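Chain by chain, the residues run as shown.
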Amino acid sequence: KSDGAEIDVATVGKFYIFGGLSMTVQDIMTTKMITVTEDTPITEAAALLEKHALTGIPVLHGTNVVGIITEGDFILKNTHLHIPSLIHILGSLTFDRRAKKFISTEYQTLRKGIVKDIMTRNVVTAKPTMDIVEVVELFRSKNVNPVPVVDDTNNLIGIISKADLVKLVIGLLK
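Attention in this report is confined to the structure presented alongside it. (Residues numbered from 1 in each chain as written. Predicted model: local features only at pLDDT ≥ 70, side-chain atom pairs only at ≥ 80, totals over all residues. Heavy atoms only, no water.)

Some details on the sheet that holds strand β3 (residues 64-70)
Within a beta sheet, neighbouring strands are joined by backbone hydrogen bonds and run either parallel or antiparallel to one another. Judged by pairing direction, the sheet is mixed, and its 3 strands sit side by side in the order β1-β2-β3 without closing on themselves. Across the chains shown, the open sheet's two edge strands, defined by having one partner strand only, are β1 (36-37) and β3. Alignment of strand β2 (residues 56-61) against β3, held across 6 bridges, turns out to be antiparallel. If you follow Pro58 over to β3, its bridge partner there is Ile68. Helix α3 (residues 42-51) rests against β1, β2 and β3 of the sheet, and its axis sits at about 135° to β2. (Pairing = 2+ DSSP bridges. Helix = DSSP H or I, 4+ residues; strand = E, 2+ residues; numbered from the N terminus. Contact = heavy atoms within 4.5 Å. Axes fitted to C-alpha atoms, helices over the stretch in contact; angles between N-to-C directions.)

Written out as structure tokens, the structure is:
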């Protein structure tokens, strides 16, 4: 789960070099993952994100990563409104009959949506042998979190998040 804290490349690099560590993604990635498919209902994906306090879930076709659905994907792309907030606001307002019908239709369309309707398709991935410092730079330069870890044939083998890096820094400080 991300709280918006930035991971500092220099700090991780200092720990990495000072400690004489040779750590790669596979050393700290999570291998027990929650995944969804392109046909998973949006409501189910949202519930999984919330229930497990995740920032993103890989979208698979078989074992291949075809997308990722993140907290950001649940924000309406052309506005600054968050879908659950919008639904709450609309539910508390009084509308005339035409507006209610329109809102009801839009809400039902949203409820019928599936992951492929809102997922990010151009997924930034990492390889298990990637150096930890490279991953930190990837988080910063691409502004992504989490990052699926894939093998040479794009099969999902793990996931790494900023939270994994925070755990690493905490462990090095002990």
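Examining the pairing of strand β5 (residues 156-160)
When you tally the buried positions in β5, you get 4 out of 5 residues, the bulk of the element. Hairpin connection from strand β4 (residues 147-150) to β5: 5 residues lie between these consecutive antiparallel strands, with Asn154 at a positive phi of about 70°. (Buried < 20%, exposed > 50% of the residue type's maximum accessible area, 1.4 Å probe, protein only.)

Some words on the environment of Asp151
Turning to its location among the elements, Asp151 is positioned in the loop between β4 and β5. On the basis of relative accessibility, which here comes to 24%, the residue Asp151 falls in the partly exposed class. Residues Asp151 and Thr125, spaced 26 residues apart in sequence, show a C-alpha to C-alpha distance of 9.7 Å. With sequence-adjacent residues up to four places away left out, Asp151 is seen in contact with Lys127 and Ile157.

Observations regarding the nonpolar core
Grouped together as the largest cluster of nonpolar side chains are 17 residues, with contacts concentrated most on Val25, Ile28, Phe139, Val147 and Ile160. Secondary structure elements with two or more residues in this core: α2 (25-28), α6 (132-142), β4 and α7 (162-173). In terms of residues, this core owes the most to one element, α6, which gives 5 residues. Setting aside its immediate chain neighbours within four residues, Phe139 contacts Val144, Asn145, Pro146, Val147, Ile160, Ser161, Lys162 and Leu165. Grouped together as the second largest cluster of nonpolar side chains are 12 residues, Ala45, Leu49, Val115 and Met119 included. (Core = buried A, V, L, I, M, F, W, Y, C linked by side-chain atoms within 4.5 Å.)

Examining the pattern of salt bridges
Counted according to the given criterion, the structure contains 2 salt bridges. Arg121 is the partner of Glu38 in a salt bridge, and the nearest nitrogen-oxygen pair spans 3.6 Å. Here the residue Glu38 occupies a position in the loop between β1 and α3, and Arg121 occupies one in the loop between α5 (97-111) and α6, the gap between them amounting to 83 residues. Between Lys127 and Asp152 there is a salt bridge, with the nearest N and O atoms lying 3.9 Å from each other. With Lys127 in the loop between α5 and α6 and Asp152 in the loop between β4 and β5, the pair connects residues that are 25 residues apart, well separated along the chain. Here Lys127 falls in the partly exposed class, since its relative accessible area comes to 32%. By relative accessible area, Asp152 is classed as exposed at 75%. (Salt bridge = Lys/Arg side-chain N within 4 Å of Asp/Glu carboxyl O.)

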